[in-house]
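Structural overview
Listed here are the chains, written in short residue letters.
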Amino acid sequence: MEHIRLPMSRIRLALIGCGGMSRAHLRRFEILADRLELVAAVDVDETRAASVADVVDGIRTATNVEEVLDDVDACLLVLPHHLHHPIAMQCLQAGKHVLLEKPMAISEAQCLELIDTAKQRDLVLMVAYCMRFHPLVTGMKQLIDDKVVGDIFQVSIWTEQHTQYDEGHWGLKESTLGGGQLFSHGCHYIDILLWYMGRPVRGTHMGSNTGTEWMEREGTSNVTIEFEGGRLAYHFGTWGARATRLGYTFHAHGTKGMIEADIRAGELRVLRPGAEPEVVSEHESGKHTENEMRHFLDCISTGERPLTDGPGSLQGLRLIWRLYEAEDAGTLADLRGLGLDQVDASGQLLS
Ligand SMILES: NC(=O)c1ccc[n+]([C@@H]2O[C@H](COP(=O)([O-])OP(=O)(O)OC[C@H]3O[C@@H](n4cnc5c(N)ncnc54)[C@H](O)[C@@H]3O)[C@@H](O)[C@H]2O)c1
């Protein structure tokens, strides 16, 4: 008989890691108040946990995950990358569903252990690729699939921001970040390119920390990927932008026109030859983490597989690791055989 999960009342959640990104999640919890109860805030820095308790009534704080696991159904992990694996394992082994900030973990072996543990225990393991739930990004996917501007032959994604961590921060070092700007931030856009374009064939990465000397590995990243059928994608990301015009922008060129997602302006546009740009949807800018959390809660209550599940997320990280290896070796990366052959028509991995 097919697996059935009865709908639960409110999911009791612990927020683990109360730094910068936790605020983006917190801002949107209220939207889901009928389905979600934040019961605990955990941070090794007790002032950070306390600052969450200051804005959410009735929650408890702790400096160690262990102290809160008995009281929750699920955990949202917003932690330094080298801690994703050990703390997510602790939560899964205690029988808790896990929504884990990206990137899943800093090695393939760690990712596989998380995937396997969640599977063995029938728990939801979802990676928080919030851009996959952004209405402009999902809207663009729909326009591409509907061939609104014909067949797409080129997708370009730019992300330009200034990110300079303080001395001693885990984000500066390759061993704690897991790589450079591409691994840490570009993983969002590699994941989206795979979702939009399907199977990659080969690619290159060039990264540099010129202009972002605070980074141990690259702070600026240029990726080119060839997909099946000769279709191309380009991703440029930098943490060194002192100013920007493009901000976060996606372009898709098709045989009949172009689609543009201007994330900062909050507009999705279709451009056709000889016509004014048509704004097909508008959404406020910022991270739409409420959509991501809603999907996580749905997966807990229905047993449905997350759109950004462990196996799917691992494909993007494998691609990045192959690009890094080829960059170090001065060669072109062979991107075939990342496990994408196991994906069904809707993009879900079969195994
Ligand atoms: N989706 C996005 O757009 C986005 C944006 C920024 C960051 N992130 C992700 O969020 C995660 C955290 O990034 P951040 O910018 O919030 O970092 P941060 O350094 O601001 O916050 C991390 C927090 O974890 C706490 N911490 C460290 N060790 C701990 C432990 N053992 N137990 C409990 N707490 C511990 C730190 O004290 C700190 O408060 C990373 O995975 C990052 O990639 C995602």
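Calculation criteria
- Residues numbered from 1 in each chain as written.
- Predicted model: local features only at pLDDT ≥ 70, side-chain atom pairs only at ≥ 80, totals over all residues.
- Pairing = 2+ DSSP bridges.
- Helix = DSSP H or I, 4+ residues; strand = E, 2+ residues; numbered from the N terminus.
- Contact = placed C-beta atoms within 7 Å.
- Axes fitted to C-alpha atoms, helices over the stretch in contact; angles between N-to-C directions.
- Expected span 1.5 Å × (residues − 1).
- Buried ≥ 20, exposed ≤ 12 C-beta atoms within 10 Å, placed from the backbone.
- Near = placed C-beta within 6 Å.
- Nonpolar A, V, L, I, M, F, W, Y, C, P; charged D, E, K, R; others polar.
- Domains from an automatic or database assignment.
- Core = buried A, V, L, I, M, F, W, Y, C linked by C-beta atoms within 7 Å.
- Parallel < 35°, antiparallel > 145°, perpendicular 65-115°, else oblique.

Here we have nine strands laid out as an open sheet, ordered β14-β13-β12-β11-β7-β10-β9-β8-β15, and mixed in their pairing. Of all strands in the sheet, those bounded by a partner on one side alone are β14 (278–282) and β15 (333–334). Summarising the sheet, strand β7 (residues 152–160) and strand β11 (residues 248–254) pair through seven bridges and their orientation is antiparallel. From the neighbouring strand, V155 faces β11, where its bridge partner is A252. Contacting β7, β11, β12 (257–262), β13 (267–271) and β14, helix α5 (residues 135–145) runs over the sheet at an angle of about 165° to β12. Packed on one face of the sheet, helix α7 (residues 181–197) meets β7, β8 (200–208), β9 (220–227) and β10 (231–238) and runs near 155° to β10.

Time to look at the sheet that holds strand β4 (residues 74–77). One open sheet holds the six strands; their spatial order is β3-β2-β1-β4-β5-β6, and the pairing between them is parallel. Strands with a single pairing partner mark the edges of an open sheet, and in this sheet they are β3 (60–62) and β6 (125–128). Looking at each pair of strands side by side, their axes are set apart by 25° on average, direction ignored. Sheet topology places β4 next to strand β5 (residues 97–101); four bridges connect them, and they run parallel.

Moving on: unusual backbone geometry. Here the residue pair K102 and P103 is connected by a cis peptide bond, since its omega of -20° sits within 30 degrees of zero. Counting through the fold element by element, P103 comes out in the loop between β5 and α4 (108–120). Phi angles above zero are rare outside glycine, and K147 is one such case at about 55°. Inspection of the secondary structure puts K147 in the loop between α5 and β7.

Moving on, we get to helix α9 (residues 310–329). With 20 residues, α9 should reach 28 Å at 1.5 Å per residue; the first-to-last C-alpha distance of 28 Å fits that figure. All of the buried residues along α9 are G310, G312, S313, L314, Q315, G316, L317, L319, I320, R322 and L323. In this structure, the buried residues of α9 make contact with α4, β6, α7, β8, β9 and β15. Phi for G330, located one or two positions after α9, is positive at around 70°.

With that out of the way, let us pick up the site of the ligand. Close to the ligand lie 23 residues, the nearest being G17, G19, G20, M21 and E101. In terms of residue count, helix α1 (residues 20–26) provides more of the shell around the ligand than any other element does, three residues in total. Across the shell around the ligand, the residue classes tally to eleven nonpolar, six polar and six charged.

The next subject is the domain arrangement of the protein chain. In terms of domain boundaries, the protein chain breaks down into domain 1 (11–128) and domain 2 (132–290 + 315–342). For domain 1 versus domain 2, the separation of C-alpha centres amounts to 26 Å. Each side of the interface is counted separately: domain 1 has 14 residues, and domain 2 has 14 residues. Breaking the side of domain 1 that touches domain 2 down by element, the ones donating at least two residues are α1 and α4. A breakdown of the residues in the side of domain 1 that touches domain 2 according to their chemical character gives eight nonpolar, three polar and three charged.

Take the nonpolar core next. Ranked by internal contacts, the top residues of the largest apolar core, which has 86 residues, are L15, I16 and L193. Ranked by residue count, the leading element in this core is α7, at eleven residues. Counting contributing residues per domain, this core is built from domain 1 (11–128) and domain 2 (132–290 + 315–342), each supplying no fewer than three.

In this section: the packing of α4 against α9. Put simply, α4 and α9 touch, their axes get as near as 10 Å, and they point 175° apart. Comparing the axis directions of α4 and α9 gives the class roughly antiparallel. Between α4, through E108, C111, L114, I115 and A118, and α9, the contact on the second element is made entirely by G310, P311, L314, L317 and R318. Within the contact of α4 with α9, the residues separate by chemical class into seven nonpolar, one polar and two charged.

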